[in-house]
Amino acid sequence: MCLIETSPEISTRRLTLRAPAIEDATRIAEICADPAVSRMTVSMPHPYGLGEAEAWIARAQGQDPRRERNFVIDHEDAGVVGMVSLFPQPGRQPHDRGPDRPGLGTELGYCVGAGWQGRGFATEAVQGLLAWARRDWRRRVVAASHFTDNPASGRVLEKAGFLYTGERMSLFSRAREAATEARLMVWLA
């Protein structure tokens, strides 16, 4: 007998975190095409179009659910307002951390469209995902980082229970096409 693991749906007060579907590609592309969004991420390119959104969805649908989880953030009235992911931290290049600084295991990344920022959606989504990760995915430590010129992301992570490690690092942003200073944070269950 073969069991196929389905992606969980995580419900919060106003949001549902669910697996991305191909029908979400247009909305994802609209959110990520905004340079104000893409430049605050490490892996998102700019420009970002429908092809990149479709590729992200395909990768999410083919992921190993024991190592990585990708969700769209679906608002009860507005539809998809962003994305949130948990992924293996060692995916970064060795020069990002240094050979003597191994990754912590699981890392969190997220983005919310510019039109929905400042309404608590990112905080609510991150808190919901971490509660699920602790309870159902059995994660006890999650790392995250934010660029130093994006203190709002640091506040989101703080509200979700992340603590600053004191470590600053240089991370390459695909959208900026440059290395940018970031601050490392950690969440402990």
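The residue numbers shown here count from 1 along each chain, following its written sequence. At least 70 in pLDDT is required for a residue's local features to be given in this predicted model, at least 80 for side-chain atom pairs to be given and counted, and no such filter applies to totals for whole chains, interfaces and linings, which use all residues. Working from all heavy atoms in the structure, the side-chain values ignore hydrogens and water.

Chemist: Quick rundown of the state of the cysteines? Include the residues and the values.
Modeler: Note that a disulfide, as used here, is simply two cysteine sulfur atoms within 2.5 Å. Taken as a whole, this structure holds 0 disulfides when the rule is applied. Free cysteine C32: the closest other cysteine sulfur is in C111, separated by 4.5 Å.

Chemist: Tell me what's going on with helix 5 (residues 121-135), and back it up with residues and numbers.
Modeler: The periodicity of an α-helix, 3.6 residues per turn, causes residues three or four positions apart to be oriented the same way. In this text, helices come from DSSP runs of H or I with a minimum length of four residues, and strands from runs of E with a minimum of two, each type numbered from the N-terminal end. In this scheme, a helix's expected span is set at 1.5 Å multiplied by one less than its residue total. Taking 1.5 Å per residue, 15 residues should reach 21 Å; helix 5 reaches 21 Å between its end C-alpha atoms and fits that length. In terms of burial, helix 5 is largely enclosed, as 11 of its 15 residues are buried. Throughout, exposure labels follow a simple rule: accessible area from a 1.4 Å probe, protein chains only, divided by the maximum for the residue type, with under 20% read as buried, over 50% as exposed, and the rest as partly exposed.

Chemist: For the sheet that holds strand 1 (residues 10-11), give the residues involved together with the corresponding values.
Modeler: Here, a strand pair is defined by DSSP locating no fewer than two bridges between the strands. On the basis of which strands lie adjacent, the open sheet formed by 8 strands has the order 1-2-3-4-5-6-8-7 and mixed pairing. Looking at which strands have only one partner, the edges of the open sheet turn out to be strand 1 and strand 7 (163-173). Note: strand 6 (residues 141-147) against strand 8 (residues 178-188), 7 bridges, orientation antiparallel. Of the residues in strand 8, the one forming a bridge with A144 is M185. Helix 3 (residues 50-61) contacts strand 3 (69-75) and strand 4 (79-88) of the sheet and is inclined by roughly 120° relative to strand 3. Every residue pair with non-hydrogen atoms within 4.5 Å of one another is taken to be in contact. Only the stretch in contact is used when a helix axis is fitted, and all axes are lines through C-alpha atoms; the angle between N-to-C directions ranges over 0 to 180 degrees. Set on the sheet, helix 6 (residues 151-159) makes contact with strand 5 (106-112), strand 6, strand 7 and strand 8; between it and strand 6 the angle comes to about 160°.

Chemist: Please provide a residue-by-residue account of the environment of R139, values included.
Modeler: Within the secondary structure layout, R139 lies in the loop between helix 5 and strand 6. Distance from R139 to L188, taken between C-alpha atoms, is 8.8 Å for residues 49 residues apart in sequence. In this structure, R139 is in contact with R66, R67, T106, A133, R134, W187 and A189, ignoring residues within four places of it in sequence. In this structure the side chain of R139 is engaged in a polar contact, spanning 2.8 Å, whose partner is the backbone oxygen of R66. Counted as a polar contact is a pair of N or O atoms within 3.5 Å, where, for protein atoms, one must be capable of donating a hydrogen and the other of accepting one, and residues adjacent in sequence contribute only when both atoms are in side chains. Only 2.9 Å separates the side chain of R139 from the backbone oxygen of W137, close enough to count as a polar contact.

Chemist: Which residues make up the packing of aromatic side chains, and what values go with them?
Modeler: Note on ring pairs: Phe, Tyr and Trp rings are taken, using the six-membered ring of Trp, and paired if centres are within 6.5 Å. Classes follow the plane angle, with under 30 degrees stacked, over 60 edge-to-face and the rest tilted. Taken as a whole and assessed by the stated rule, the structure comprises 2 aromatic pairs. Pairing F71 with W132 gives two aromatic rings, centres 6.0 Å apart and planes at 75°, and the pair type is edge-to-face. With a gap of 61 residues between them, F71 in strand 3 and W132 in helix 5 connect regions that are remote in the sequence. Residues F71 and W132 agree in their burial class; the two are buried. When the centroid spacing of 5.5 Å and the interplanar angle of 25° are considered together, the rings of W132 and W137 count as stacked. An identical accessibility class is assigned to W132 and W137; each is buried. Through successive ring pairs, a cluster of aromatic residues spans F71, W132 and W137. Charge-over-ring placement is defined geometrically: NZ (Lys) or CZ (Arg) within 6 Å of the ring centre, and within 35 degrees of the ring normal. Against the face of F147 rests R176, its NZ or CZ located 4.6 Å from the ring centre. One cation-aromatic arrangement involves R183 over Y164; the distance from NZ or CZ to the ring centre is 3.8 Å.

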